[in-house]
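Tertiary structure, described
Now for the letters of each chain:
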Amino acid sequence: MRKIWSVLLILAMLTALCFTAVQAEEEEEDISLWDYLYTPSPAPDPNATPSPAPTPVPTPTPQLEADGSMFVTITAVGDVTIGRNVQHSGTSIFEKELKKQDNDINFIFRNVKEIFEEDDLTIANFEGVLADDYKIPSSKRENSYLFLGDPSYAKALSGNSVEAVTMENNHVGDFGDQGIADTIAAMEAEGIVWSNKGNLGVYETKGLKIGMLAYQTLNQPISSEELKYVVADDIADARKICDLVIVSFHWGNELDYAPRSNQLMLGRAAIDSGADLVLGHHSHRINPIEEYKGKYIVYSLANCSFAGNNKPSDMFTFIFQCRFQMKNGQVMGNSFRIIPCRISSRKDYNDFAITPLTEQANISTVLSTLEKNGRNLNYAVSDYPLEWE
């Protein structure tokens, strides 16, 4: 009889266990029947010594040169305009391509991810809006292009080592102040540092603070001459807390292959005021680079990933990299290189995946275009190295 009762008791306990497992199946814990029947959980000991906190992982010490200096590499790319144009009905060209790529938004940087990962900071000009909802301001209703993407598209930046974006351009305001606020929220949710005319973006790496300022000259209430003084004041403020200061301008005219006089004035004035590097965009075309007072002015980085056209007349672009040699928070020297690219992995149409060029004829086209359009610039660089000096 006792054996029967023992068996019944065990069966009852098993039934209770099954019921408990159904209730807690989300926890996916293995339960030992022996431990359940014979080993009650001990009560916590109030006098027990608490477990030590996990040891924090130390920040890697920057690799120093023999003279105690270190190198900081900054990568810059042009316009990132992803999403749909709400002025066109139906499925957009970007959405169609995204579907082909199994809805993996990372496809736009798949061929340059390693380049971005190997530097210390990658900066892009983000030209568009990321938001779930939108309202078109009356001043924008007649525009041909109004770019909108899902907020999750910001993962293409964070997932591919793009640490910072400039957000001072003629499309970030396509959907008014709310669109700007939503885009900022999407960037911040992914840990992306952003800058515009009212916000100094600061990124820290290797114990250094890199400050980023951004401006545009398009449809502004002040002239370029007046903007020069605003930029100078902002650079002075940024220099108080930053070891390097980068200034970005959205300027010039679309389809221009060379800078105009106001761009020359502003770029050089920024260097005169203490900027370490000037980056430009808006023309959708590559522009030459100047070396002015030992610092670089990149007048146009052209497109990077551009969803405005599936067959642009010129799909060439380049990635710009500047390597600063730093010691005690001071710049000891710098050098640059470019990586000629196509804004598409295909030649026959734009699939929005920026890709380094491999054919020498195409690389030569990029180099000759830059050299030719820099002939009338007083401070144009003498050549465009593809490798570090």
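Whatever comes next refers back to the structure up there.
Residues numbered from 1 in each chain as written. Predicted model: local features only at pLDDT ≥ 70, side-chain atom pairs only at ≥ 80, totals over all residues. Heavy atoms only, no water.

Moving on: the pattern of salt bridges. The full count for this structure, using the stated rule, is 16 salt bridges. With its nearest N and O atoms 3.9 Å apart, the salt bridge here joins Glu-97 to Lys-100. Of this pair, Glu-97 and Lys-100 both sit in helix H3 (residues 93-100), separated by three residues, roughly a single helical turn. Look at Lys-100 and you get exposed, because its relative accessible area is 56%. (Salt bridge = Lys/Arg side-chain N within 4 Å of Asp/Glu carboxyl O. Helix = DSSP H or I, 4+ residues; strand = E, 2+ residues; numbered from the N terminus. Buried < 20%, exposed > 50% of the residue type's maximum accessible area, 1.4 Å probe, protein only.)

What follows covers the nonpolar core. Across soluble globular proteins, nonpolar side chains show a tendency to be buried alongside one another. The biggest cluster of nonpolar side chains holds 36 residues, and the ones touching the most others in it are Phe-94, Phe-109, Met-187 and Ile-319. Only strand S1 (70-81), H3, helix H4 (113-117), strand S3 (121-126), helix H5 (155-158), helix H6 (176-189) and strand S16 (330-342) provide two or more residues apiece to this core. Of all the elements, H6 adds the most residues to this core, at three residues. In contact with Met-187, other than residues within four places in its own chain, are Phe-126, Leu-130, Ala-154, Leu-157, Val-165, Met-167 and Ile-192. Listed in part, the 35 residues of the second largest apolar core include Ile-286, Ala-302, Cys-322 and Phe-324. (Core = buried A, V, L, I, M, F, W, Y, C linked by side-chain atoms within 4.5 Å. Contact = heavy atoms within 4.5 Å.)

Read across the open sheet, the six strands follow the order S8-S9-S10-S11-S13-S12; overall the sheet is mixed. The two strands at the open ends of the sheet, each matched to only one other strand, are strand S8 (201-205) and strand S12 (289-292). Ignoring strand direction, the axes of neighbouring strands in this sheet form an average angle of 20 degrees. Inspection of the sheet shows strand S9 (residues 208-216) paired to strand S10 (residues 244-250) by seven bridges, in the parallel sense. In the sheet register, Gln-216 faces S10, and the bridge partner there is His-250. (Pairing = 2+ DSSP bridges. Axes fitted to C-alpha atoms, helices over the stretch in contact; angles between N-to-C directions.)

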